[in-house]
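Understanding the architecture of this molecule
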Amino acid sequence: EVQLVESGGGLVQPGGSLRLSCAASGFTFSGHEMNWVRQAPGKGLEWVSYISNRGSTIYYADSVKGRFTISRDNAKNSLFLQMNSLRAEDTAVYYCAKFRYSYDFDFWGQGTLVTVS
Amino acid sequence: QSALTQPASVSGSPGQSITISCTGTSSDVGSYNLVSWYQQHPGKAPKLMIYEVTKRPSGVSNRFSGSKSGSTASLTISGLQAEDEADYYCCSYAGSSTYVVFGGGTKLTVL
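Notes on the structure follow.

Cut-offs and rules
Residues numbered from 1 in each chain as written. Chains lettered and ligands numbered in written order. Predicted model: local features only at pLDDT ≥ 70, side-chain atom pairs only at ≥ 80, totals over all residues. Heavy atoms only, no water. Contact = heavy atoms within 4.5 Å. Buried area = accessible area lost by both parts, 1.4 Å probe. Salt bridge = Lys/Arg side-chain N within 4 Å of Asp/Glu carboxyl O. Polar contact = N/O pair within 3.5 Å; in protein donor to acceptor, adjacent residues only side chain to side chain. Helix = DSSP H or I, 4+ residues; strand = E, 2+ residues; numbered from the N terminus. Buried < 20%, exposed > 50% of the residue type's maximum accessible area, 1.4 Å probe, protein only. Pairing = 2+ DSSP bridges. Axes fitted to C-alpha atoms, helices over the stretch in contact; angles between N-to-C directions. Disulfide = S-S within 2.5 Å.

1. Considering the interface of chain B and chain A
In many reports, interface size means the accessible area that the parts give up when they come together. Facing the 20 residues of chain B at the interface are 25 residues of chain A. Of the roughly 1,900 Å² buried at the junction of chain B and chain A (both faces included), carbon and sulfur atoms supply 61%. Along the contact surface separating chain B from chain A lie zero salt bridges. Taken together, the connections running from chain B to chain A amount to four residue pairs in polar contact (both at pLDDT 80 or more).

What follows is the structure, encoded as structure tokens:
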């Protein structure tokens, strides 16, 4: 069974930093692309960042470019999101999501809440 | 990176059919058959319901179907059931610069 478990969320002041983690199990993590998607309270889904299976290709949404860094450790089946220079508008539940060749997200974690205040 | 356009809300009675539209541009929905749809119940993670415009993942009811015409994709739910009440989001590949874009979401109410 595929499982994605996010951690690392919490309350941080504007301008601060936070590092999110996503522990993956139930599939060959090193063979799959991964993403972070966020959802502000009461709002819709927003794609944040993509990383290829080996980490060689990375994309970011314009809203986080230059402030967030996605990475992965295939030996530890883990995905990360380093978030710097946090703003109030970054407040959201952050989901890690498994990506497929068909450009869709077939499995999602339960999310971790980041509050910037 | 503009969001795809969805109606804020739709409603229907049990047993009826509803359709949710998702309007993009020639840079996303109109250029790629890579539209997916997600169902999200309150407090839960999104669930993949449709991918590549028309395909259903294993385990998703055949009451859910997808289509596309030009730059507008649609999700149709037939034989509405109470458990279908949720938020629905469309998503499209948008090329290597924008990459992926979501719709603003549609709240489905089963009357």
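2. Looking at the pattern of salt bridges
Applying the stated criterion across every chain, the model contains eight salt bridges over all chains. For R38 of chain A, the salt bridge identified is with E46 of chain A, shortest N-O distance 2.7 Å. With a shortest N-O distance of 2.7 Å, R63 of chain B and D84 of chain B are connected by a salt bridge. In this pair, R63 of chain B is assigned in the loop between β4 (47–50) and β5 (64–69) and D84 of chain B in the loop between β6 (72–77) and β7 (86–93), connecting sequence segments 21 residues apart. Note on accessibility: R63 of chain B and D84 of chain B belong to one class, buried.

3. Digging into the side chain of E52 of chain B
Secondary-structure assignment places E52 of chain B in the loop between β4 and β5. Under the relative-accessibility criterion, E52 of chain B is labelled buried at 17%. A distance of 2.5 Å separates the side chain of E52 of chain B from the side chain of K55 of chain B, its partner in a polar contact. Not counting the four nearest positions on each side in its chain, E52 of chain B is found in contact with Y101 and S102 of chain A together with N33, L34 and V35 of chain B.

4. Some thoughts on the sheet that holds strand β2 (residues 18–23) of chain B
Residues and elements named next belong to chain B. Ordered in space as β2-β6-β5, the three strands form an open sheet in which the pairing is antiparallel. The open sheet is flanked by β2 and β5, the only strands paired with a single partner. Neighbouring strand axes in the sheet, compared pairwise and without regard to direction, differ in orientation by 20° on average. Relative to β6, β5 is paired through six bridges, and the arrangement is antiparallel. The partner of S69 across the bridge, within β6, is T72.

5. Re the state of the cysteines
Across all of its chains, the model carries two disulfides over all chains by this definition. Disulfide pairing places C22 of chain A opposite C96 of chain A at an S-S distance of 2.0 Å. Disulfide C22 of chain A-C96 of chain A: the torsion about the S-S bond is 40°, which places it as right-handed. Here C96 of chain A lies in strand β9 (residues 92–99) and C22 of chain A lies in strand β3 (residues 18–25), a separation of 74 residues in the sequence. Given the relative accessible area of 1%, C22 of chain A is considered buried. Under the relative-accessibility criterion, C96 of chain A is labelled buried at 0%. Here C22 of chain B connects covalently by a disulfide to C90 of chain B, the sulfurs 2.0 Å from one another. Here the S-S torsion is close to 80°, and the disulfide linking C22 of chain B with C90 of chain B is therefore right-handed. Here the residue C22 of chain B occupies a position in strand β2, and C90 of chain B occupies one in strand β7, the gap between them amounting to 68 residues. For the residue pair C22 of chain B and C90 of chain B, the accessibility class agrees, reading buried in each case. In this model C91 of chain B remains outside any disulfide bridge; the closest cysteine sulfur is found in C90 of chain B, 7.7 Å from its own.

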